[in-house]
Amino acid sequence: MTTQQKTWSQRFESALHPAIARFNASIGFDIELIEYDLTGSIAHAKMLAKTGIISAAEGDKLVSGLEQIRREYRQGLFVPGIDAEDVHFAVEKRLTEIAGDAGKKLHTARSRNDQAGTDTRLYLRDRIGQIRQQLREFQAVLLDLAENNVETLIPGYTHLQRAQPISLAHYLLAYFEMADRDWERLGDVCQRVNISPLGCGALAGTTFPIDRHYTAAELHFDRIYANSLDGVSDRDFAVEFLAAASLILVHLSRLSEEMILWSSHEFGFISLTDSCATGSSIMPQKKNPDVPELVRGKAGRVFGNLQAMLVAVKGLPLAYNKDLQEDKEALFDSVKTVQACLEAMTILLREGIAFNRDRLSAAVAEDFSNATDVADYLAARGVPFREAYNLVGKVVKTCISGGKLLKDLTLEEWKELHPAFETDIYSAIAPQQVVAARNSYGGTGFEQVRKSLIAARDRLNN
Ligand code: ARG
């Protein structure tokens, strides 16, 4: 049938069917873990020597052999094929070529189950650190933009209908806050990523006098799993990361949607610069917002990975099952997607968009988004708010049929509506004042926004 070599013990008479070997193998993707596999194995080898399970000389041979494989890999000289099955076998096989019989001792008191779990956690811990750094860069760009646009007004929406004008800085700070929660959430997730399963063995621990605390300290884990069955089969940390990654994409996707809308001719709030826009192959006039569209589109695959992971673990009996090998592609794909999207959106905000100020100031001056302020004006002068609200609704209706805005009404007309109106109604409904007046904590008033900017800068610096 096949001349392929056997991977496993003498229990097996013949080799795997080649198609099944391909189906079973994870080397095509888990090679991504090789640096972590080597680091984890070095810690394990040192522990074996330290506890006297192997000799000091054997320990040294293992460590230097593993370092050699790292160099070979980095130089492109170590390229394991499908026959290696997975990265763990590939390394062990090469180590045995380099270190001879000592190499065959590396797997003492260890299983690929606790090994794969260790590698995956080391990988994810690293990437979480990188993603958190990227979130900080994204926040820094939002903050720079916000600091330059405190008094730039934009229409604020509910139901995508113009509601009340707001400071552009206030809008940008809303995304700053979302990113801040993302940053915080990943830090929290990392507490569950950073637990060592190494030494849990296949499922039940080991007969050797290992030192799990030593390997955990070598690998900078915060804690070790208390239960070996849980340690080898737990993928909560992967689910948690994928959920956190999904929320990052939710936030980036919402921002993307707005950038796409705002760059349309209908809105015209922003223009796309050449470095971040693309053209059409047929319509020479087109400039397309491909960057935010791709981010919006990629959100789906990250959500899908979360779903796939949840389904993969939901019916698993303890402890390890091969289903768990499916954690890797879900994680790798989500990590890559989140990193690429954060990078692209940071560049887009930094240099890919320009706010069209004329268009924005016209957008906040020529509608009825100051209607609440007329009602508030009356309410502040003792008219019950609901009464004031009904009255202003009537005014808006007459204005619309007369082709007028609120600012076009004469003082007589105002007084006719209600004797409480005075000449200061005009300044009260001017867009700048409408925004400035919303000075409640967390509101869009300029004073509030300036305070928020200082607080945000503080958070970023600490
Ligand atoms: N490639 C496997 C994985 O990623 C390694 C663990 C395999 N363990 C086993 N008992 N077959 O899950």
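Conventions adopted
- Residues numbered from 1 in each chain as written.
- Predicted model: local features only at pLDDT ≥ 70, side-chain atom pairs only at ≥ 80, totals over all residues.
- Heavy atoms only, no water.
- Phe/Tyr/Trp six-rings, centres within 6.5 Å; stacked < 30°, edge-to-face > 60°.
- Buried < 20%, exposed > 50% of the residue type's maximum accessible area, 1.4 Å probe, protein only.
- Lys NZ or Arg CZ within 6 Å of the ring centre and 35° of its normal.
- Near = heavy atom within 4 Å.
- Polar contact = N/O pair within 3.5 Å; in protein donor to acceptor, adjacent residues only side chain to side chain.
- Areas by Shrake-Rupley, 256 points an atom, 1.4 Å probe, with all protein chains shown as cover.
- Nonpolar A, V, L, I, M, F, W, Y, C, P; charged D, E, K, R; others polar.
- Salt bridge = Lys/Arg side-chain N within 4 Å of Asp/Glu carboxyl O.
- Helix = DSSP H or I, 4+ residues; strand = E, 2+ residues; numbered from the N terminus.

Engineer: I tried to follow the packing of aromatic side chains on my own but got confused; where do I start?
Structural biologist: Under the counting rule described, the total for this entry stands at 10 aromatic pairs. Relative to Phe 421, the ring of Trp 414 lies with its centre 4.7 Å away and its plane at 50 degrees, an arrangement referred to as tilted. For the pair Trp 414 and Phe 421, a shared accessibility class is recorded, and that class is buried. Aromatic rings pair up to connect Tyr 157, Tyr 171, Tyr 175, Trp 262, Phe 267 and Phe 269 into one cluster. Across from the ring centre of Tyr 377, 3.6 Å away, lies the NZ or CZ of Arg 381, which sits over that ring.

Engineer: Quick question: what am I supposed to make of the site of the ligand here?
Structural biologist: Taken together, Ser 26, Asp 86, His 88, Arg 112, Asn 113, Ala 116, Tyr 320, Gln 325 and Lys 328 are the residues near the ligand. With respect to the ligand, the side chain of Asp 86 contributes an N or O atom lying 3.0 Å from a nitrogen atom. Contact between the ligand and Arg 112: a nitrogen atom at 3.2 Å from a side-chain N or O atom of the residue. Protein chains shield 85% of the accessible area of the ligand, which is 340 Å² for the free molecule. Along the lines of polarity and charge, the residues of the shell around the ligand split into 2 nonpolar, 4 polar and 3 charged.

Engineer: Where do I start with the pattern of salt bridges in this structure?
Structural biologist: Oppositely charged side chains are able to pair whenever their charged atoms sit close together. Tallied over the entire structure, the rule returns 35 salt bridges. As a salt-bridge pair, Lys 322 and Glu 85 come within 3.4 Å of each other at their nearest N and O atoms. Remark: Glu 85 occurs in the loop between helix 4 (56–74) and helix 5 (87–99) and Lys 322 occurs in the loop between helix 11 (290–314) and helix 12 (327–352); sequence separation between them is 237 residues. Taking the relative accessible area as the measure of exposure, Lys 322 reaches 34% and is therefore partly exposed. Taking the relative accessible area as the measure of exposure, Glu 85 reaches 5% and is therefore buried. Salt-bridge contacts for Glu 177 lead to Arg 459; the nearest nitrogen and oxygen are separated by 2.8 Å. Here Glu 177 is found in helix 7 (residues 168–193), whereas its partner Arg 459 is found in helix 19 (residues 446–461), with 282 residues between them in sequence. In this structure, a network of salt bridges that share partners links the residues Glu 35, Glu 67, Arg 70 and Arg 74.

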